[in-house]
Amino acid sequence: MTASRREVVGGALALAAGGPPKVAPRRIVSLNSCLDAMLVHLADRGQIAALSHYAREPQGSTVAAQARTLPFTWESAEEVIALRPDLVLASQHSALATRNALKRLRTPVQRFKVPKSVEESLAQVRRLAGLIGHRERGEALVARIEAAIAAATPTPGARRLSALIYQPNGFAAGPGTLVDEMMTHAGFDNVARRYGLKTWGNVSLERLLADPPRVLLVGEPGPGARSWADRVMTHPALKSISGRMRQVRLPEKLLYCGGPVLIETAAALTRARAQALKAGA
């Protein structure tokens, strides 16, 4: 049985007002790479009218393979409106001009904040699953995420390793971030606090050399010519402390999103810890 126009319109208005939809939206547009990943895991393929263009970038997306088979936008209002969506997923960083245009046209938009904890991330999975009519898939995904985190947690009494996320330009994750909590679950003690970081920020090479952690979780240089931002991760000076600090790769695309990405993040941190211990950390 297909939904009537009245049911679809009523469901859209309920979404715009923040209430639960009366019927599942049939044309969903995502404007954010983290929401792209959740949508791919939770929605029917036919519900996805478009993902963001970021979803197709293998360096930054965990769903690039799936995204290349789906429509996408560059986040402009004209593109989104032309798709006639009955639900748009946006973040607090999505283009303001696009969000304002959609608001004027009364297109239902649901905004999501950047989750700062595993609990907030799981709540977002459940919220999105409910919005698109697949609560059971949301609960199944939550169970998979919780299982992955549990599997990444070392046994009680296992030695913890001091560590620092060190991405292009010395960008690091501090306290109050989702990846900081994931590091804690995986048996790492994030040393970003002793460098003065409160959330995300940059750690200079000089400070790192003066007070290194046991493990440096370095990013992967971008494809093609290396940039100055990339070079800090492989600076020759880091070799001078190689006996005190081990470097292990941690892809940057696993750092900023919650939801299903946490499954891969947990597994990557487990591998990183095992590699560091094997190398003598």
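Below or above, wherever it landed, is the structure these notes cover. Nothing here was measured: the structure is a model prediction, and the numbers come from that model.

## Notes on the pattern of salt bridges
- For the structure on display, the rule yields six salt bridges.
- Notably, a salt bridge pairs D189 with R160, separated by 2.7 Å at the nearest N-O pair. Note that D189 is positioned in strand 8 (residues 188-190) and R160 in the loop between helix 7 (135-152) and strand 6 (161-166), a separation of 29 residues in sequence.
- The class for D189 is partly exposed, based on a relative accessible area of 37%.
- For R160, a relative accessible area of 35% translates into the label partly exposed.
- Beyond isolated ion pairs, a larger network of salt bridges with shared partners links D44, E136 and R137.

## Concerning the packing of aromatic side chains
- Throughout the structure, instances matching the rule amount to three aromatic pairs.
- Summarising the aromatic geometry, the rings of F72 and W74 are spaced 5.6 Å apart at their centres and angled 75° between planes, so their arrangement reads as edge-to-face.
- With centroids separated by 5.2 Å and ring planes inclined at 15°, the aromatic side chains of F171 and W200 adopt a geometry described as stacked. Here F171 is found in strand 7 (residues 171-173), whereas its partner W200 is found in strand 9 (residues 200-202), with 29 residues between them in sequence.
- Owing to a relative accessible area of 29%, W200 belongs among the partly exposed residues under this scheme.
- Counting every residue linked through ring pairs, the aromatic cluster contains F171, W200 and Y256.

## Some details on the side chain of T107
- In this fold, T107 is placed in the loop between helix 5 (96-104) and strand 5 (109-112).
- Contacts of T107, omitting those with residues within four sequence positions, involve P85, V88 and L102.

## Notes on the state of the cysteines
- Scanning the model with the defined rule gives one disulfide in all.
- Here C34 connects covalently by a disulfide to C257, the sulfurs 1.9 Å from one another. Classification of the bridge connecting C34 and C257 rests on its S-S torsion, roughly -75°, and on that basis the disulfide is left-handed. You can see C34 sitting in helix 2 (residues 33-42) and its partner C257 sitting in the loop between strand 11 (246-249) and helix 11 (261-278), a full 223 residues away along the chain.

## Side note on the sheet that holds strand 10 (residues 215-218)
- Judged by pairing direction, the sheet is parallel, and its four strands sit side by side in the order 8-6-10-11 without closing on themselves. The two strands at the open ends of the sheet, each matched to only one other strand, are strand 8 and strand 11. Put simply, the sheet's adjacent strands are angled 35° from each other on average, direction ignored.
- Looking at chain direction, strand 6 and strand 10 are connected through four bridges and run parallel. By the bridge assignment, A163 is partnered in strand 10 with V215.
- Running at roughly 150° to strand 11, helix 11 makes contact with strand 6, strand 8, strand 10 and strand 11 of the sheet.

## A closer look at the pairing of strand 2 (residues 48-52)
- With five of five residues buried, strand 2 lies mostly within the body of the structure.
- Where strand 1 (residues 28-30) and strand 2 come together, two bridges link them in parallel fashion. Directly across from V29, in strand 2, lies its bridge partner A50.
- Between the parallel elements strand 1 and strand 2, the chain passes through helix 2 in a crossover that is right-handed.
- Where strand 2 and strand 3 (residues 72-73) come together, two bridges link them in parallel fashion. Within strand 3, the residue paired with S52 across the bridge is T73.

## Here's the deal with unusual backbone geometry
- We note that E75 has phi near 80°; this positive angle belongs to a residue other than glycine.
- Note on placement: E75 falls in the loop between strand 3 and helix 4 (77-82).
- According to the relative accessible area criterion, E75 is buried, its value standing at 13%.
- Located in the positive-phi region is N169, a residue other than glycine, with phi close to 70°.
- As for its position among the elements, N169 is in the loop between strand 6 and strand 7.

Reading the values: rules and limits
Residues numbered from 1 in each chain as written. Predicted model: local features only at pLDDT ≥ 70, side-chain atom pairs only at ≥ 80, totals over all residues. Heavy atoms only, no water. Salt bridge = Lys/Arg side-chain N within 4 Å of Asp/Glu carboxyl O. Helix = DSSP H or I, 4+ residues; strand = E, 2+ residues; numbered from the N terminus. Buried < 20%, exposed > 50% of the residue type's maximum accessible area, 1.4 Å probe, protein only. Phe/Tyr/Trp six-rings, centres within 6.5 Å; stacked < 30°, edge-to-face > 60°. Contact = heavy atoms within 4.5 Å. Disulfide = S-S within 2.5 Å. Pairing = 2+ DSSP bridges. Axes fitted to C-alpha atoms, helices over the stretch in contact; angles between N-to-C directions. Right-handed = clockwise from strand over helix to strand, strands pointing away.

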